[in-house]
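One letter stands for each residue in the lines below.
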Amino acid sequence: MADHVLNTQELDNRPCTGVMSPVRAWIAVTVLAAAVFAVTATEMLPIGVLTSISDDLRVSVGTAGLSVTLYGIVAGLFAPLMTRWTRGVDRRTVVLVIITVFILGNGATALVTTNAQFLAVRFVVGIAHGLMWSIVAAVAVRLVSPPQRVRATAVTFSGISLALVFGVPAGTWLGEWVGWRGAFAALAGLTAVTAFAVIAAMPAMPALRLTGSRSLRAVLRHSGIKRILLVTGAVVIGNYAAYTYIAPYLFDSVGASSYLVGVCLLVYGVAGVLGNAMVGVVPIRSRVMLLSGAGIVAVTLLILTAPVGKYGVIVLVGVWGLSYSALPVLLQTSVFDAAPYLREAATSLYVLVFNVSIAGGALVGALGVDQLGPLAPMAFGAAFCALGVAASVGIRGGVAVEGNPR
């Protein structure tokens, strides 16, 4: 039985480049990055227009921010379940279904009239989001040859940084011109374009292995995975406790205009693209993980303790984006290194922790901003990220799950 499981797992890791030229393979990876862009923009857009949403739906900023909390909880909790339910479905088909849900969800968001309706739509889209993150990295590495897998993961995850560069700031500025509803409607149109690109560029990708509860238990027994999940939880909670409520901080504590908020989000995203590109060529990734977490801690502490002006905060937000952007690629690569034969199972647990941590961070930030003021999310962010830095000491790449050969 054990030998049979290893054989099927090897099939799951086999690239599907046999019928594709290298050029077409990288076009498919780029299209997958575009899908990640659309998914991430949908997740993050409320952050840039949070004040407008709260005013329009007549709820507090903290209550409106709970849409991020609900989204993350749903995405995380449903990720392992949805991954198992779709385990026998062609991955290209799954990606297309996910994108269709995002098209309909963004369109529906533009039409909601109450906060309850807004939360209901985010609930449904959050389910698709969790499934996307469970499969996207495994799909990316199947598109290319084994030596190019880290690069393919980094390119695919660049959609996250590009969404922060273009999606969130553009959504913030667009929200000023046509309202937050118009911003979501525009995102629905952009997501539809992505769907056509997936149809044209991505090959059929039959599911080659069935992921079951045994593989999930095997992943959980590995101490390296547990450490990675602890680091993920702490750093992501800390980052999103602070980042979700960066707009209220900039408005209330810095006296920023909507334009400056957009500039800060743009700088965060541009720095994120640079960090994402750099991480693929750095040889000692465990050290970069430490430095990235420490960078977030330093920024949030400076915001709390130093007299930060309008220009100073732009610089700090840039350092913040550079520091955080490397972490998703580093953590996902660490998961792959630790569980090379159980990629989707391990990634579904990573997605659960990652997205529930986004929700937890948004919740912690909501409690802080409503009860203690706009600086409280920054303090909570610094504390949790410091915990993540401490937990990341000793993480090393290239450790396989016990009992599985490399």
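Structure: above.
About the cut-offs
- Residues numbered from 1 in each chain as written.
- Predicted model: local features only at pLDDT ≥ 70, side-chain atom pairs only at ≥ 80, totals over all residues.
- Heavy atoms only, no water.
- Helix = DSSP H or I, 4+ residues; strand = E, 2+ residues; numbered from the N terminus.
- Buried < 20%, exposed > 50% of the residue type's maximum accessible area, 1.4 Å probe, protein only.
- Contact = heavy atoms within 4.5 Å.
- Expected span 1.5 Å × (residues − 1).
- Bend = angle between axes of the 7 residues up to and from the residue.
- Axes fitted to C-alpha atoms, helices over the stretch in contact; angles between N-to-C directions.
- Parallel < 35°, antiparallel > 145°, perpendicular 65-115°, else oblique.
- Left-handed = near helix turned anticlockwise from the far one by under 90°.
- Nonpolar A, V, L, I, M, F, W, Y, C, P; charged D, E, K, R; others polar.

Participant: When you look at the environment of Leu 349 in this model, what are you seeing that I'm missing?
Facilitator: Structurally, Leu 349 is set in helix H14 (residues 343–371). A residue is classified by how much of its surface remains accessible, and Leu 349, at 12% relative accessible area, is buried.

Participant: Looking at this structure, I do not really get the environment of Val 168. What am I missing?
Facilitator: Looking at where Val 168 falls in the secondary structure, it is placed in helix H7 (residues 149–201). When its relative accessible area of 0% is taken as the criterion, Val 168 is described as buried. For the pair Val 168 and Ala 183, spaced 15 residues apart in sequence, the C-alpha separation works out to 9.8 Å. Not counting residues up to four positions away in its chain, the partners in contact with Val 168 are Met 44, Gly 48, Ala 163, Tyr 243 and Leu 265.

Participant: Would you mind showing me how to read helix H2 (residues 22–48) here?
Facilitator: Residues spaced three or four apart along an α-helix point in a common direction, a consequence of the helix completing one turn every 3.6 residues. Taking 1.5 Å of rise per residue, 27 residues should cover 39 Å, and H2 covers 38 Å from first to last C-alpha, within 8% of that figure. Helix geometry: H2 is bent most strongly at Thr 42, by close to 35°, with proline Pro 46 lying one to four residues after it. For H2, the buried fraction is high: 21 of the 27 residues fall into the buried class.

Participant: I tried to follow the packing of helix H5 (residues 91–109) against helix H6 (residues 115–142) on my own but got confused; where do I start?
Facilitator: When two helices pack together, their arrangement is given by the angle between their axes and by how far apart the axes lie. Two numbers describe how H5 lies on H6: the axes approach to 9 Å, and their chain directions differ by 150°. When the interaxial angle is binned, H5 and H6 end up roughly antiparallel. Taken as a pair, H5 and H6 cross one another with a handedness that is left-handed. Contacts between H5 and H6 pair Arg 91, Val 94, Val 95, Ile 98, Val 101, Phe 102, Gly 105, Ala 108 and Thr 109 from the former with Phe 118, Val 121, Val 124, Val 125, Ala 128, His 129, Leu 131, Met 132, Ile 135, Val 139 and Arg 142 from the latter. Of the residues that constitute the contact of H5 with H6, the class distribution is 15 nonpolar, three polar and two charged.

Participant: So what exactly am I meant to see when it comes to helix H4 (residues 61–85) here?
Facilitator: End to end, H4 covers 36 Å across 25 residues, agreeing with the expected 36 Å (1.5 Å per residue, within 8%). Along H4, the largest kink reaches about 45° and is centred on Ala 79; proline Pro 80 follows within four residues of it.

Fair warning: the whole summary comes from geometry, so function is off the table for now.
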